[in-house]
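# Residue-level structure breakdown
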Amino acid sequence: MIIQILLNTIISGIILSLVALGFGIIFKATKVFHIAHGGLYVIAVYSFSYFRNMMEDVFSVGVVLILSLLLALIIIKVIIIGIEFFVYKPLYIRSISPEISLISSLGVYFVLVNLITFFFGNEGIILKDEISFFMTNEWITITNSEFIIFIVGISLIALTMLFDRSSSGVDINAISDSYLVAMNYGINVQNTRYIALLFGTFLVGLAGILKGYEVAFEPNVGMAITLTAAVAVIIGGVYSLKGIVFSCFILATIENFSVLIIPQSWVETLTYLVLLFVILFFDNGLISNKMRVETR
Amino acid sequence: MNWEHILFMIEIYIIISLGANLVSGYTGLLSFANASFFGIGAYITSMLMKNFDFNFFLAMSSAMIGSSLISFVISYFSVKLKDVYFIVATIAFQIISFGVLYNWESVTEGSRGISEIPNVQFFGLQLLTSLDYALFGSLFLIITIACFRYFQTTPYLRVLESIRDRELGAISLGKNVSKYKFTVNAIASILIAISGSLFAVYNNYIDPTSFTLNESILIISMILIGGTGNLIGPIFGACFFVLLPEFIRFIPISSTQGASLQMMIYGLTLILMVRFKPNGFFGKYRFQ
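Keep in mind the model is a prediction, meaning the values are calculated, not measured.

Basis of the calculations
Each chain carries its own residue numbering, running from 1 in the written order of its sequence. Chain letters start at A and ligand numbers start at 1, both assigned in the order the entries are written. Local features in a predicted model are, by the rule used here, given only for residues with pLDDT of at least 70; side-chain atom pairs are given and counted only at 80 or more, and totals for whole chains, interfaces and linings are based on all residues. Excluded from the side-chain calculation are hydrogens and water; included are all heavy atoms of the structure. Going along the chain from the N terminus, every DSSP run of H or I of four or more residues is numbered as a helix, and every run of E of two or more is numbered as a strand. Under the scheme applied here, a residue whose accessible area is under 20% of the maximum for its type counts as buried, over 50% as exposed, and between as partly exposed, the area being computed with a 1.4 Å probe on protein chains only. Between two residues, a contact is recorded if the distance between any of their heavy atoms is within 4.5 Å. Two parts lose some accessible area (1.4 Å probe) when they are put together, and adding that loss for both gives the buried area. Here, a salt bridge means any side-chain nitrogen of Lys or Arg that lies within 4 Å of a carboxyl oxygen of Asp or Glu. Pairs of N or O atoms are called polar contacts if they sit within 3.5 Å, as long as, within protein, a hydrogen donor faces a hydrogen acceptor (for residues adjacent in sequence, only side-chain-to-side-chain pairs). Each residue gets one label: Ala, Val, Leu, Ile, Met, Phe, Trp, Tyr, Cys and Pro are nonpolar, Asp, Glu, Lys and Arg are charged, and the others, such as Gly, are polar. The patches described consist of residues with a relative accessible area above 30% and no salt bridge, like charges being joined within 9 Å and nonpolar side chains (Val, Leu, Ile, Met, Phe, Trp, Tyr) within 5 Å. Note on areas: these come from Shrake-Rupley sampling with a 1.4 Å probe, and a residue is covered only by the protein chains present in the view. Note on scores: pLDDT gives the predictor's confidence for each residue, bounded by 0 and 100. The axes used here are C-alpha line fits, helices contributing only the stretch in contact, and every angle between their N-to-C directions lies in the interval 0 to 180 degrees. Each angle gets one of four labels, with under 35 degrees taken as roughly parallel, over 145 as roughly antiparallel, 65 to 115 as roughly perpendicular, and the rest as oblique. Helix crossings are classified by the rotation of the near helix relative to the far one: an anticlockwise turn of less than a right angle makes the crossing left-handed, while a clockwise turn makes it right-handed. In this scheme, a helix's expected span is set at 1.5 Å multiplied by one less than its residue total. Stacked, tilted and edge-to-face are the three classes applied to pairs of Phe, Tyr and Trp rings, where Trp contributes its six-membered ring and a pair requires centres within 6.5 Å; stacked means planes under 30 degrees apart, edge-to-face means over 60, and tilted covers the rest. Note on geometry: a ring has a charge over it if NZ (lysine) or CZ (arginine) is within 6 Å of the ring centre and within 35 degrees of the ring normal. When the sulfur atoms of two cysteines come within 2.5 Å, that pair is taken as a disulfide. Computed over the protein atoms alone on a 1 Å grid, cavities are sets of points where a 1.4 Å probe fits but cannot get out and pockets are open sets with protein on both sides within 12 Å along at least five of seven lines; a residue lines them when it has an atom within 4 Å of a point. Grid points are joined across faces, edges and corners, and a volume is the space filled by probe spheres set on the points.

Across its full length, chain B carries 12 helices and two strands. Counting helices and strands in the order they occur from the N terminus, chain B gives α-α-α-α-α-β-β-α-α-α-α-α-α-α. Dimensions of chain B along its principal axes, counting C-alpha atoms only, are 55 × 45 × 35 Å. By the burial criterion, 59% of the 288 residues in chain B qualify as buried. Considering only contacts within chain B whose residues lie at least 6 apart along the sequence, 77% involve residues at least 24 apart.

Here we come to the interface of chain A and chain B. Contacts between chain A and chain B engage 39 residues on the former and 40 residues on the latter. In total, about 3,700 Å² of surface goes out of reach between chain A and chain B, with carbon and sulfur atoms giving 79% of it. Applying the counting criterion to the chain A and chain B interface returns zero salt bridges. Scanning the region where chain A abuts chain B turns up seven residue pairs in polar contact (both at pLDDT 80 or more). Take the side of chain A that touches chain B: its biggest share by element is 15 residues, from helix H4 (residues 98-120) of chain A. Looking at the side of chain A that touches chain B residue by residue, the classes come out as 27 nonpolar, eight polar and four charged.

A separate point is the side chain of Lys28 of chain A. Residue and element names in this part refer to chain A. Tracing the sequence through the fold places Lys28 in helix H1 (residues 2-30). For Lys28, a relative accessible area of 2% corresponds to the buried category. A polar side-chain atom of Lys28 sits 2.5 Å from a polar atom in the side chain of Asn173. Not counting residues up to four positions away in its chain, the partners in contact with Lys28 are Asp164, Ile172, Asn173, Ser176, Val238 and Tyr239.

Our next topic: a nonpolar patch on the surface. Residue and element names in this part refer to chain A. Together, Leu6, Ile10, Phe147, Ile148, Phe150, Ile151, Val152 and Ile154 give the surface a local cluster of nonpolar side chains, amounting to about 620 Å² of exposed area. Sorting the residues of the nonpolar patch by element identifies H1 and helix H5 (144-165) as the ones contributing at least two each. By residue number, the principal contributor to the nonpolar patch is H5, which donates six residues. Following the sequence through the fold, Ile154 ends up in helix H5. On the basis of relative accessibility, which here comes to 40%, the residue Ile154 falls in the partly exposed class.

This part covers the confidence of the model for chain B. Residue and element names in this part refer to chain B. Chain-level statistics for chain B give a pLDDT mean of 89 and a share of 98% at 70 or above. Taken element by element, the predicted model of chain B shows its lowest mean pLDDT in strand S2 (residues 125-126) (85) and its highest in helix H2 (residues 34-51) (95). Interface confidence for the predicted complex, given as ipTM, is 0.86, next to a pTM of 0.87.

What follows deals with unusual backbone geometry. At Lys31 of chain A, a position not held by glycine, the phi torsion is positive, near 65 degrees. Within the element layout of this structure, Lys31 of chain A appears in the loop between H1 and helix H2 (37-55). The exposure class assigned to Lys31 of chain A is partly exposed, which follows from its relative accessible area of 32%. Residues other than glycine seldom take positive phi values, yet Asp53 of chain B does so here, at roughly 55 degrees. Relative to the helices and strands, Asp53 of chain B resides in the loop between H2 and helix H3 (56-80). Judged by relative accessible area, which is 67%, Asp53 of chain B ranks as exposed.

This next bit is on the packing of helix H9 (residues 221-236) of chain A against helix H10 (residues 241-257) of chain A. In helix packing, the relevant descriptors are the interaxial angle and the interaxial distance, both defined with respect to the helix axes. Residue and element names in this part refer to chain A. Running from N to C, H9 and H10 cross one another at 125 degrees; their axes reach a closest spacing of 8 Å. Classified by the angle between their axes, H9 and H10 sit oblique to one another. The handedness of the crossing between H9 and H10 is right-handed. Where H9 approaches H10, its residues Thr228, Val231, Ala232, Val233, Ile235 and Gly236 are matched on the opposing element by Gly243, Ile244, Ser247, Cys248, Leu251 and Glu255. Within the contact of H9 with H10, the residues separate by chemical class into seven nonpolar, four polar and one charged.

Before going further, it helps to spend a moment on H2 of chain A. Along an α-helix, residues three or four positions apart point the same way, because every turn accommodates 3.6 residues. Here H2 of chain A contains 19 residues, and its C-alpha end-to-end distance of 27 Å stays within 8% of the 27 Å for a straight helix at 1.5 Å per residue. Most of H2 of chain A sits inside the fold, with 16 of its 19 residues counted as buried.

Right, let's get into the pattern of salt bridges. It is possible for side chains of opposite charge to pair when their charged atoms get near one another. Per the counting criterion, the structure on display carries seven salt bridges over all chains. The partner of Glu214 of chain A in a salt bridge is Lys211 of chain A, with the nearest N and O atoms 3.5 Å apart. Of this pair, Glu214 of chain A and Lys211 of chain A both sit in helix H8 (residues 189-214), separated by three residues, roughly a single helical turn. Between Glu105 of chain B and Arg112 of chain B there is a salt bridge; the shortest N-O distance is 4.0 Å.

All names here are of chain A. With respect to the helices and strands, the residue Ser258 is situated in the loop between H10 and helix H11 (267-281). Considering only alpha carbons, one finds Ser258 and Leu270, 12 residues apart in sequence, at a separation of 8.8 Å. Those residues in contact with Ser258 that sit more than four places away from it in its chain are Thr253, Val267 and Leu270. Of note is the side chain of Ser258, whose polar atom sits 2.6 Å from the backbone oxygen of Ile254.

Considering all chains together, one arrives at 42 aromatic pairs over all chains under this definition. Measuring from centroid to centroid gives 5.6 Å for Tyr50 of chain A and Phe51 of chain A, while their planes differ by 70 degrees, and the two rings are edge-to-face. Aromatic ring contacts, followed pair by pair, group Phe56, Phe57, Phe122, Phe123, Phe136 and Phe140 of chain B into a single cluster. Over the ring of Tyr92 of chain A we find Arg193 of chain A, and its NZ or CZ is 4.3 Å from the ring centre. If you follow Lys179 of chain B out to its NZ or CZ, it ends over the ring of Tyr180 of chain B, 5.6 Å from the centre.

A word on the state of the cysteines. Residue and element names in this part refer to chain B. Applying the stated criterion to the full structure yields zero disulfides over all chains. Cys147 takes part in no disulfide bond, and the closest cysteine sulfur, belonging to Cys239, lies 19 Å away. Using a relative accessible area of 45% as the deciding quantity, one classes Cys147 as partly exposed.

Moving on: empty space enclosed by the protein. Under the criterion given, the structure shown has three cavities of 30 Å³ or more. Lining of the largest cavity is provided by Phe23, Phe27, Phe33, Ala230, Val233, Ile234 and Val238 of chain A together with Val84 and Tyr85 of chain B. Of all the elements in the fold, those that place two or more residues in the lining of the largest cavity are H1 and H9 of chain A together with helix H4 (83-103) of chain B. Broken down by element, the lining of the largest cavity gets its largest block of residues, three residues, from H9 of chain A. Here the residues of the lining of the largest cavity are counted per class, giving nine nonpolar, no polar and no charged. In this model, the second largest cavity occupies a volume close to 40 Å³.

So this is what it looks like as structure tokens:
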């Protein structure tokens, strides 16, 4: 049982890491507490499911999966560009405070999620057609979808670490410190914001689709995972991607192992209690990034 | 269309919006935990009336005391946290309070909710119809507005405005900012708890789904669209958002789609008001 819970912890830690890394990169670049991230997480899954169902009689399975994935990612990327252009950018130009941007982002989240419920209803969807087992014995059962989540998820986390060291990643880190100084060094702040938003959305879209293969997916799950990802970003420290991944696994451990001592229905409440504890007593995160004294 | 029902709902939402306006509009603390106090008021009143045969006014008074005590948690957040962190803390508080109402079945009856809440009785009269409750609610509304009007003339409100505009300035003038934050949160939670009590006895049934984060967002939408920092803004916002579902019913769509459309309008309101009219239609204070 413990081994099975450990496996579930790794799988949920990977999914949460992808959402949180996307959230963290966007927060670093735009200073927006991007609640709409959860809306994009949901839209990715629903559009993937829609295209897959539409094309399954026309093309072979492999082609359908690749085309559906590409179309779903294109849709969420178009939406995030629209959000930046019509919502976030005008607020950034007016130097609006982060809490007001958060309210706008919350508004965007509600519009996106309710567009889904308007057209697809409140019922959940299931991406996988049948459960097939990659490995099963008396201690542990690994389904094919869990195996795929593990491989793809770890690859994406590695890709994100590489992205952080690329020139775009360096630009994002630069604008996260100061837009003005970054501009003086010739960095195009607006383009860098777009790159961060697109990369963060790419991660959350894939996280949603991977999660959709593991469990049934409802339109309202986006808020919970985004806030949990925000908890992870706060615990890990906004400026440390490694810290974010580490804190995602801490949260996943709390969520999965707490069912041994408290009922499953209390787990979400426990996660938010951890959030409150962290932001009240460790406002720089539990794993604070080393910074020069004058920049603290 | 049941006009008595709509009138009653407008009355309780005006009281809630006026409470939320004190915290968000006058003090500048954008709290997303208002629905928690609405729920706390409703649950304390219901449990005391149903299980301990309390009379409505005694149960409501207990709800006001309970709600103001719990509001100290939000006050503590407001003293300790700033900006986005304060908002996130209030969202977390809202979700935790929903979780408690939903999961603590031995006390709150969980997802089944509390049914058969007794009607209000006083001086041998029993309130039974929507019209009775609309008239009863109007008494509370008039008292609240009268208190608010008086409140607007006091120096207390000017200190709150100074905290909103420049907290450091208020501190430098010797004002105990923490004390003001604690008291304003307590007053707002009392007002919202009164609405919760009225809501519970009117419906004779409550369950946790009436006190979710969506409800808190609705309350913030009300004060954003009407405008904050005055009396007329929250009144306009409450009327607008209570009447909105009634107009949506004329659109030939299913009830699920109607609910989605309603939530989309809340979301659009937040986006458009922040973008184009940060001080709302009648507000004094500009969110920026």
